[in-house]
Amino acid sequence: MTSFLTHRARVHDAALPPYRRHSALRTCLTEFAPYGLRATYHHLTVSARMPRILEADPDSLVRAVEELNEARALWLARAEQYAAQRRAEKRAGRREPPVTAWWDRPWPGSPDAVWYHDPFLHPPLSLPDYVRRQNALLDGAELPGCPACGEEGPAVPVPTGHGRAELCRCCARVLVPCPCDRWHGYQPQPPVGWSQTWRRAHMTGSGEPNPHWPTLLETARVERLVAYESPHGPC
């Protein structure tokens, strides 16, 4: 995966203009984005305090790519162990993995798929902490709360038209799917435009979250999700 390392180096290159370094960060996200590209980008803009005008703090791009790089290193190490484990299991005649690795879950139909539609709904954990949590669950650890973020508060019921599903009040992961056995996805209302997120409309010029946009966050945002039938996989 030399592409990630090549573009990480470009993010660090202070001789490049900020917009080029920003584009390099985006390429890194196409290689590794634990929350999905849009939600991971949103997370990094907040955690790295990336201002709306990049020239105000180009070092925020370095902070962002280094958080991403730390999480990626944890993932690569666990993925290598998992691959060796699967080779041994196949030699023993176990063709199907007992547990699907978290990084192999398809986004459409995944319990975490809402992050694909709404970049503001993702775990509040740092990316390395999220990867550590997912690796621990893959290893069989019993962790309290939501599998994605650890939230232990009551779930938010969301009507599906056939029943209701229960979603994490913090990150909107599907904790209890709709009992109708149909597949559902969840859309934010109103929809979130990628161009506004990409331009960091949710941030101020000083690198703080914009208090005026979006107007709804966290549990209030989960409560506004609208379910739809998805042809891609189980909810």
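The structure under discussion appears in the preceding block.
Now for a quick tour of the structure. The structure presented is a predicted model; accordingly, all values stated were derived computationally and were not measured. (Residues numbered from 1 in each chain as written. Predicted model: local features only at pLDDT ≥ 70, side-chain atom pairs only at ≥ 80, totals over all residues. Heavy atoms only, no water.)

Observations concerning the packing of aromatic side chains
Line of reasoning, step 1. Taken as a whole and judged by the stated rule, the model has 11 aromatic pairs.
Line of reasoning, step 2. Each ring, one from W102 and one from Y130, has its centre 6.1 Å from the other, and the planes form 80°; the classification is edge-to-face. In this pair, W102 is assigned in the loop between α4 (59–91) and α5 (114–117) and Y130 in helix α6 (residues 127–138), connecting sequence segments 28 residues apart. With respect to class, W102 is no different from Y130; both count as buried.
Line of reasoning, step 3. When the centroid spacing of 5.7 Å and the interplanar angle of 40° are considered together, the rings of W194 and W198 count as tilted. One end of the pair, W194, and the other, W198, are both in helix α7 (residues 194–198), four residues apart, so they sit about a helical turn from each other.
Line of reasoning, step 4. Pairwise contacts between aromatic rings join Y35, Y82, W102, W103, W115 and Y130 into one cluster. (Phe/Tyr/Trp six-rings, centres within 6.5 Å; stacked < 30°, edge-to-face > 60°. Helix = DSSP H or I, 4+ residues; strand = E, 2+ residues; numbered from the N terminus. Buried < 20%, exposed > 50% of the residue type's maximum accessible area, 1.4 Å probe, protein only.)

Side note on the pairing of strand β1 (residues 156–159)
Line of reasoning, step 1. Residues V156 and V158 line the buried face of β1, whereas the alternating positions P157 and P159 sit on a face that is not buried.
Line of reasoning, step 2. Looking at chain direction, β1 and strand β2 (residues 164–167) are connected through four bridges and run antiparallel. The residue of β2 that forms the bridge with P159 is R164.
Line of reasoning, step 3. Taking the residues between adjacent antiparallel strands as the criterion, β1 and β2 are bridged by four residues, where G161 takes a positive phi near 95°. (Pairing = 2+ DSSP bridges.)

A short note on the nonpolar core
Line of reasoning, step 1. With 49 residues, the main nonpolar core has L25, L68, W115, L167, Y186 and L225 as its most contacted residues.
Line of reasoning, step 2. Of all the elements in the fold, those that place two or more residues in this core are α1 (2–12), α2 (18–31), α3 (37–47), α4, α5, α6, β1 and β2.
Line of reasoning, step 3. Looking at this core element by element, the count peaks at eight residues for α4.
Line of reasoning, step 4. If near-sequence neighbours (up to four positions away) are discounted, L225 is found in contact with V114, L121, V158, L167, A172, Y186, Q187 and P188. (Core = buried A, V, L, I, M, F, W, Y, C linked by side-chain atoms within 4.5 Å. Contact = heavy atoms within 4.5 Å.)

Digging into the pattern of salt bridges
Line of reasoning, step 1. On inspection of all chains with the given rule, the structure shows 10 salt bridges.
Line of reasoning, step 2. A salt bridge links R173 to D112, with the shortest nitrogen-to-oxygen separation between them at 2.8 Å. Here the residue R173 occupies a position in the loop between β2 and β3 (174–176), and D112 occupies one in the loop between α4 and α5, the gap between them amounting to 61 residues. Grouping residues by exposure puts R173 and D112 together as buried.
Line of reasoning, step 3. With a closest N to O distance of 2.8 Å, R132 and D129 form a salt bridge. With R132 and D129 both in helix α6 and three residues apart, this pair spans about one turn of that helix. (Salt bridge = Lys/Arg side-chain N within 4 Å of Asp/Glu carboxyl O.)

Quick notes on the packing of α2 against α4
Line of reasoning, step 1. Their axes nearest at 10 Å, the elements α2 and α4 cross at an angle of 15°. As the angle between them shows, α2 and α4 are arranged roughly parallel. Considering only the axes of α2 and α4, their crossing is left-handed. Residues P18, R21, H22, L25, C28 and L29 of α2 lie in contact with α4, whose contacting residues are L61, V62, A64, V65 and L68.
Line of reasoning, step 2. For the contact of α2 with α4, the class distribution of residues is nine nonpolar, one polar and one charged. (Axes fitted to C-alpha atoms, helices over the stretch in contact; angles between N-to-C directions. Parallel < 35°, antiparallel > 145°, perpendicular 65-115°, else oblique. Left-handed = near helix turned anticlockwise from the far one by under 90°. Nonpolar A, V, L, I, M, F, W, Y, C, P; charged D, E, K, R; others polar.)

Regarding α6
Line of reasoning, step 1. Taking 1.5 Å per residue as the helical rise, α6 with its 12 residues ought to reach 16 Å, and the 16 Å between its terminal C-alpha atoms agrees with that figure.
Line of reasoning, step 2. Residues of α6 that are buried make contact with α3, α4 and α5.
Line of reasoning, step 3. Just past α6, the residue G140 takes up positive phi, approximately 95°. (Expected span 1.5 Å × (residues − 1).)

Section: the environment of L37
Line of reasoning, step 1. Locating L37 in the fold gives a position in helix α3.
Line of reasoning, step 2. When residues no more than four places from it in sequence are discounted, the contact partners of L37 are L29, T30 and W194.

Some points on the side chain of N210
Line of reasoning, step 1. One can find N210 in the loop between α7 and α8 (218–223).
Line of reasoning, step 2. Its relative accessible area of 15% is what places N210 among the buried residues.
Line of reasoning, step 3. Among the polar contacts made by the side chain of N210, one reaches the main-chain carbonyl oxygen of A201 at a distance of 3.0 Å.
Line of reasoning, step 4. Once you skip the residues sitting within four places of it in the chain, N210 turns out to touch R52, A201, H202, M203 and T204. (Polar contact = N/O pair within 3.5 Å; in protein donor to acceptor, adjacent residues only side chain to side chain.)

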